[in-house]
Amino acid sequence: MQLYLNTSSPYARVVRVCLYEKQLIERTELCWCDPWAADSELVQITPLSRIPTLVTDEGDVITESLLIAHYLDAVGEGPSLMPSKALAETLALAGLGQGLMDAAFNVVIGRKYAGNEVDTTLLGQRRLKAIERTLITLNAHPACWQVVPSVPWGRLPLPLHWLISVSAYRPLIGKTATRRYMPGRRRWWRARALRLPRLNSAG
C-alpha cells in the first residue's frame, strides 16, 4: 500500500497511528508530498489532492482519514479500533475529534492566507466557538480519560487516537484554549498519552 501524506497534517497522523496499531506500517510506503503544489504527484492519484490518501494493494484510492481508518481496521491485525460493543460511543467520540480538527485546521489555514482578522468574521467566530464547545464537551466526557480495562495502555481505542492527534498538533488548538477549557488534560496527555510508542513513531 501507499500512503500520501505530509509532516504537518493531523489527519495523516491519525492514519499513521492506525497503521501502527493494525500492524500495517511495514507494508505501507509513505509518500511525502505537498498537496498544495499544482504539479504534485498526488494530483495524478486523486483529483481532490487531499492529505491523507491511501492507495490499496488492489489500486483503489481512499481519501478522508476516518474512511481510511475504517479500511485499515478491516484489513489489519490485532484488536479492532472500533469495537462492536462500544461502536456508537467510539464513532461519537471520533466524530467530535474529527470535527475539532476540522474547525481548528480551518482556523490555521484562514489565518495563514487571510490574516488574523479572519477570526473576527462570522465564519471565524463560528469556528472558534465550535472549538471552545468541543473542548468543554471532551473535557467532561469520562471515556476520553479512562483506560479501558480490557485494552492494554499501548493499544487505545480509536477515539483517543483522534484526540491525541489533536492534542499533539499544538498549532491547531493553542496553549491558551487547552488551558482554559481543558484544565489538567494537557498534563495528562504529556504524562501518559504522549508516551505511547506508536504515537511518537507517527510524529
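Since the structure is predicted, the reported quantities are computational estimates derived from the model, not experimental observations.

(A) View of the sheet that holds strand S3 (residues 53-55). Spatially, four strands are ordered S2-S1-S3-S4 in an open sheet, and the strand pairing comes out mixed. Of all strands in the sheet, those bounded by a partner on one side alone are strand S2 (29-32) and strand S4 (61-63). Between one strand axis and the next, the sheet turns by 20° as a mean value, whatever way the strands run. In the sheet, strand S1 (residues 2-5) pairs with S2 via four bridges, with the strands oriented parallel.

(B) Region of the structure containing unusual backbone geometry. Between Ile51 and Pro52 the backbone carries a cis peptide bond, its omega angle lying at 0°. Structurally, Pro52 can be placed in the loop between helix H2 (41-45) and S3. Even without a glycine there, the phi angle at Glu64 is positive, about 75°. Mapping Glu64 onto the fold places it in the loop between S4 and helix H3 (65-75). With a relative accessible area of 27%, Glu64 lands in the partly exposed category.

(C) View of the packing of aromatic side chains. For the coordinates displayed, the defined rule picks out two aromatic pairs. Seen in terms of ring centroids, Tyr11 and Phe105 are 5.9 Å apart; in terms of plane orientation they differ by 75°. Their pairing is edge-to-face. Placement of Tyr11 in helix H1 (residues 10-21) and of Phe105 in helix H4 (residues 87-114) is noted, with a sequence separation of 94 residues between them. For Tyr11, a relative accessible area of 12% translates into the label buried. The partly exposed category is assigned to Phe105, whose relative accessible area is 24%. An angle of 35° between the planes, with centres 5.6 Å apart, marks the rings of Trp36 and Tyr113 as tilted. Of this pair, Trp36 sits in the loop between S2 and H2 while Tyr113 sits in helix H4; the two residues are 77 residues apart in sequence, bridging distant segments of the chain. With a relative accessible area of 52%, Tyr113 lands in the exposed category.

(D) Inspection of the packing of H4 against helix H5 (residues 122-140) at higher detail. Running from N to C, H4 and H5 cross one another at 145°; their axes reach a closest spacing of 9 Å. Once H4 is placed against H5, the crossing between them reads as left-handed. Taken together, the residues of H5 that come into contact with H4 (itself represented by Leu93, Leu96, Leu100, Ala103, Ala104, Asn106, Val107 and Arg111) are Arg127, Leu128, Ile131, Thr134, Leu135, Thr137 and Leu138. A class-by-class count of the residues in the contact of H4 with H5 yields 10 nonpolar, three polar and two charged.

(E) Highlighting the side chain of Thr134. Relative to the assigned elements, Thr134 resides in helix H5. Within polar-contact distance, the side chain of Thr134 engages the backbone oxygen of Ala130 at 2.7 Å. When near neighbours in sequence (up to four residues on either side) are disregarded, Thr134 contacts Leu96 and Leu100.

(F) A look at the environment of Ser49. Among the secondary structure elements, Ser49 is positioned in the loop between H2 and S3. What Ser49 contacts, discounting residues up to four positions off in sequence, is Pro35, Leu42 and Val43. A distance of 2.9 Å separates a polar atom in the side chain of Ser49 from the backbone oxygen of Pro35.

(G) Representation of the state of the cysteines. Across all of its chains, the model carries zero disulfides by this definition. Cys31 supplies the cysteine sulfur nearest to Cys33, a cysteine that is in no disulfide, at a spacing of 7.6 Å.

Parameters at a glance
- Residues numbered from 1 in each chain as written.
- Predicted model: local features only at pLDDT ≥ 70, side-chain atom pairs only at ≥ 80, totals over all residues.
- Heavy atoms only, no water.
- Pairing = 2+ DSSP bridges.
- Helix = DSSP H or I, 4+ residues; strand = E, 2+ residues; numbered from the N terminus.
- Axes fitted to C-alpha atoms, helices over the stretch in contact; angles between N-to-C directions.
- Buried < 20%, exposed > 50% of the residue type's maximum accessible area, 1.4 Å probe, protein only.
- Phe/Tyr/Trp six-rings, centres within 6.5 Å; stacked < 30°, edge-to-face > 60°.
- Left-handed = near helix turned anticlockwise from the far one by under 90°.
- Contact = heavy atoms within 4.5 Å.
- Nonpolar A, V, L, I, M, F, W, Y, C, P; charged D, E, K, R; others polar.
- Polar contact = N/O pair within 3.5 Å; in protein donor to acceptor, adjacent residues only side chain to side chain.
- Disulfide = S-S within 2.5 Å.

Nothing here speaks to function; it is geometry throughout.
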